[in-house]
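What follows is each chain in one-letter form.
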Amino acid sequence: RTWPRTTRPGVKRVLVLATTTGYQIRSFGEAAARLGVRLVFASDRCDQLEDPWWDAAIPVRFHEMSPSVEAVVAACRGQALSGVLAVGDRPTVLAAHVSSALGLLGNSPWSAEVSRNKLATRRAFAAAGLLTPVFQVLPVSEPPSRLTSVAYPVVVKPLALSASQGVIRVDDEQALGHAIERVRRLLQTTDIAIERETAHGYVLIESFIPGREYAVEGVLTDGTLQIFAIFDKPDPLDGPFFEETIYVTPSRASTATQEAIIDAVGSAVRALELRHGPVHAECRVNDHGVYVLEVAARPIGGLCSRAIRFVGPDEKLATLEEVLLRHAIGEAVTGYRQMREATGVMMIPIPRRGVYRGVLGVEDARRVAGIDDVRVTAKPDVVIVPLPEGRSYLGFLFATSETSEDVVRALREAHAHLAFVIEREVTVTQ
């Protein structure tokens, strides 16, 4: 798909770095068309094919930093870029290098690299005095040694995957060996091995943190953090896997808890030395306080951004993508606030591995009071894989209501109407 190309004088251009041309890219494209902003894409697609996605994207390789920076700078020569945005985790480091090379506001390459690596993040948080679980790193290719500093239960995590992929809770030494072997097999799959990440040679073992989990969305403007939304995650995330389902905002946590979350995320941002652009943070809260699990230098992923809706200074509604594009071209966004109604999204989990054939009950789900949309994104006749090996969802449910409680209720009721047809894979042998 192509987006409007305008040659009007003074048009603003924003460089968007992404791994795919998926749903989130389309959301940015639609927002850019509404604002009259020109998007310039850079993506890790084949450089031997002539514009396979019809978006004139600059071909880059996220594991080949110097030539990719040179390719982007050369392709953008003569174009006045206003800003750079990264969509997804892997592009954040290249975005930082490109921003630096072009003299644009952005994060330093060091801060982007640390925020992408769970071990480096833990070390930075611990050095800054933030609440941090006890942790230990192990090579994924060697038999697991006895844990020297971490007491069970523990959580096994790949260092550079997102969306809880490969994250497993284990309660004893025998289970630890099985979990590390499972993660090792995952990291050797073609889709991940092709990333050529050094971090994929290790796993992080950290103490399990009990408590409620929250997500925080915001933006940094030359070091100043503005919080857009705090999301509750009402479903418990205690393992053995950590598949997220419902996000709802505004948070139902107490004012004191929300203030503590904002303070902790601000401290985490400073510890990582992030300075400019969108941030997405994950936290756990218990009687000890707020544990910041991660701060990513990019916006919330997938279609989940539709669960954040803004009212602008002109009292018009705006999407997260519109606000981030305004920020990228240098406009002030401090006048944008969350709309009064509660909103939420359910990321529909994959119940089991198999061949997805279709879904029943979509119209019944749409008729549930409070439901705004039902988006089934799984493709028919494709093998679908649940966590911890998978990293996608069957689709998304969106709801709006007067209270967060009503939003959660609507999402659960709509989900109960859906029946997904998943057939067992047939193994072909010779």
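Residues numbered from 1 in each chain as written. Predicted model: local features only at pLDDT ≥ 70, side-chain atom pairs only at ≥ 80, totals over all residues. Heavy atoms only, no water.

**Q** Honestly, helix α6 (residues 173-187) in this entry has me stumped. Any pointers?
**A** Residues separated by three or four positions in an α-helix point in the same direction, a consequence of the helix having 3.6 residues per turn. The end-to-end C-alpha distance of α6, which contains 15 residues, comes to 21 Å, matching closely the 21 Å that a straight helix rising 1.5 Å per residue would cover. Buried within α6 are the following residues: L176, A179, I180, V183, L186 and L187. Each buried residue of α6 sits inside an arc of 115 degrees when the element is viewed along its axis, so together they form one side. Residues of α6 that are exposed and point more than 90 degrees away from the buried face comprise Q174 and H178. At its buried positions, α6 is contacted by β5 (135-139), β6 (154-158), β7 (168-170), α7 (190-193) and β8 (202-207). Near the N-terminus of α6, the side chain that reaches the backbone nitrogen of Q174, with its oxygen 3.3 Å away, is that of D172. (Helix = DSSP H or I, 4+ residues; strand = E, 2+ residues; numbered from the N terminus. Expected span 1.5 Å × (residues − 1). Buried < 20%, exposed > 50% of the residue type's maximum accessible area, 1.4 Å probe, protein only. Arc of directions from axis to C-beta. Contact = heavy atoms within 4.5 Å. Polar contact = N/O pair within 3.5 Å; in protein donor to acceptor, adjacent residues only side chain to side chain.)

**Q** How do you make sense of the state of the cysteines when you look at a structure like this?
**A** Between two cysteines, a covalent bond joining their sulfur atoms is known as a disulfide. Scanning the model with the defined rule gives zero disulfides in all. With no disulfide of its own, C283 lies closest to C304 among cysteine sulfurs, the gap being 16 Å. (Disulfide = S-S within 2.5 Å.)

**Q** Would you mind showing me how to read the environment of A271 here?
**A** Take A271: it is sitting in helix α8 (residues 255-272). For A271, the residues in contact, after removing those within four places along its chain, are W110, A124, F125 and A128.

**Q** Can you help me understand the sheet that holds strand β14 (residues 309-311) in this one?
**A** Pairing between the strands of a sheet is mediated by backbone hydrogen bonds and can be parallel or antiparallel. What the three strands build is an open sheet, ordered β15-β14-β16; its pairing is antiparallel. Each edge of the sheet is formed by a strand with only one pairing partner; in this case those strands are β15 (317-319) and β16 (337-338). Inspection of the sheet shows β14 paired to β15 by three bridges, in the antiparallel sense. Bridge pairing in β15 links F310 to A318. Its contacts with the sheet put helix α9 (residues 320-328) on β14 and β15, and the angle it makes with β15 is roughly 80 degrees. (Pairing = 2+ DSSP bridges. Axes fitted to C-alpha atoms, helices over the stretch in contact; angles between N-to-C directions.)

**Q** Quick question: what am I supposed to make of the packing of aromatic side chains here?
**A** Centre-to-centre distance and the angle between the planes together describe a pair of aromatic rings. Enumeration over the complete set of coordinates arrives at four aromatic pairs. Ring plane angle 45 degrees and centroid distance 5.3 Å describe the contact between F231 and Y247, whose orientation is recorded as tilted. Highlighted residues: F231 in strand β10 (residues 224-232) and Y247 in strand β11 (residues 246-249), separated in sequence by 16 residues. Between R169 and the ring centre of F208, over which it is positioned, the NZ or CZ distance is 4.4 Å. (Phe/Tyr/Trp six-rings, centres within 6.5 Å; stacked < 30°, edge-to-face > 60°. Lys NZ or Arg CZ within 6 Å of the ring centre and 35° of its normal.)

**Q** Would you explain the pairing of strand β18 (residues 354-360) in this entry?
**A** One face of the sheet, then the other: side chains in a regular strand alternate in exactly this way. Sheet analysis places β18 next to strand β20 (residues 382-384), joined by three bridges and oriented antiparallel. Looking at the pairing, Y356 lines up with V382 of β20. Bridge count for β18 against strand β22 (residues 419-423) is five bridges, and the pairing is antiparallel. Looking at β22, one finds that Y356 is bridged to I422.

**Q** I'm lost on the packing of helix α3 (residues 91-102) against helix α4 (residues 109-116) in this one. Help?
**A** The angle between the axes and the distance between the axes are what describe a pair of packed helices. Two elements in contact, α3 and α4, have axes separated by 8 Å at closest approach and are oriented at 175 degrees. On the basis of the axis angle, α3 is roughly antiparallel to α4. In this structure, α3 contributes T92, V93, A96 and H97 to the contact, and α4 contributes P109, A112, E113 and R116. Tallied by class, residues from the contact of α3 with α4 come to four nonpolar, two polar and two charged. (Parallel < 35°, antiparallel > 145°, perpendicular 65-115°, else oblique. Nonpolar A, V, L, I, M, F, W, Y, C, P; charged D, E, K, R; others polar.)

**Q** For this particular structure, what's the right way to read the pattern of salt bridges?
**A** Oppositely charged side chains can pair when the atoms bearing their charge come close. A complete count under the given rule lists 30 salt bridges for this structure. Residue R298 is joined to D89 by a salt bridge in which the shortest nitrogen-to-oxygen separation is 3.1 Å. Taken together, the residues R298 in the loop between β13 (289-296) and β14 and D89 in the loop between β4 (81-87) and α3 connect sequence positions 209 residues apart. Judged on exposure class, the residue R298 and its partner D89 are both buried. (Salt bridge = Lys/Arg side-chain N within 4 Å of Asp/Glu carboxyl O.)

**Q** Please explain the environment of D172 as it appears in this structure.
**A** Its place among the elements puts D172 in the loop between β7 and α6. Given the relative accessible area of 38%, D172 is considered partly exposed. For the pair D172 and V408, spaced 236 residues apart in the sequence, the C-alpha separation amounts to 35 Å. A polar contact of 3.3 Å, which involves the side chain of D172, links it to the backbone nitrogen of Q174.

**Q** Looking at this structure, I do not really get the side chain of Q165. What am I missing?
**A** Tracing the backbone shows Q165 in the loop between β6 and β7. For Q165, a relative accessible area of 4% puts it in the buried group. Those residues in contact with Q165, other than ones at most four positions away along the chain, are P158, L186, I192, L387, P388, E389, G390 and R391.

**Q** Looking at this model, I keep getting lost on α3. Mind explaining?
**A** The first and last C-alpha atoms of α3 sit 16 Å apart over twelve residues, in line with the 16 Å expected at 1.5 Å per residue. Listed in full, the buried residues belonging to α3 are P91, T92, V93, L94, A95, A96, V98 and S99. Looking at the packing, one finds that the buried side of α3 touches β1 (13-18), α2 (65-76), β4 and α4. Looking at the residues trailing α3, positive phi occurs at G103, about 70 degrees.

**Q** Sorry, what's going on with unusual backbone geometry here?
**A** Among all residues save glycine, negative phi is the norm, and among peptide bonds the norm is trans. Cis geometry is found at the peptide bond from Y152 to P153, where omega equals 0 degrees. The topology assignment puts P153 in the loop between β5 and β6. With omega at 10 degrees, the peptide bond leading from L387 into P388 counts as cis. Positionally, P388 belongs in the loop between β20 and β21 (395-401). The backbone of R196 shows a phi angle near 55 degrees, a positive value even though the residue is not glycine. Assignment of secondary structure puts R196 in the loop between α7 and β8. Using a relative accessible area of 57% as the deciding quantity, one classes R196 as exposed.

Geometric descriptors of this kind do not, in isolation, establish any biological role.
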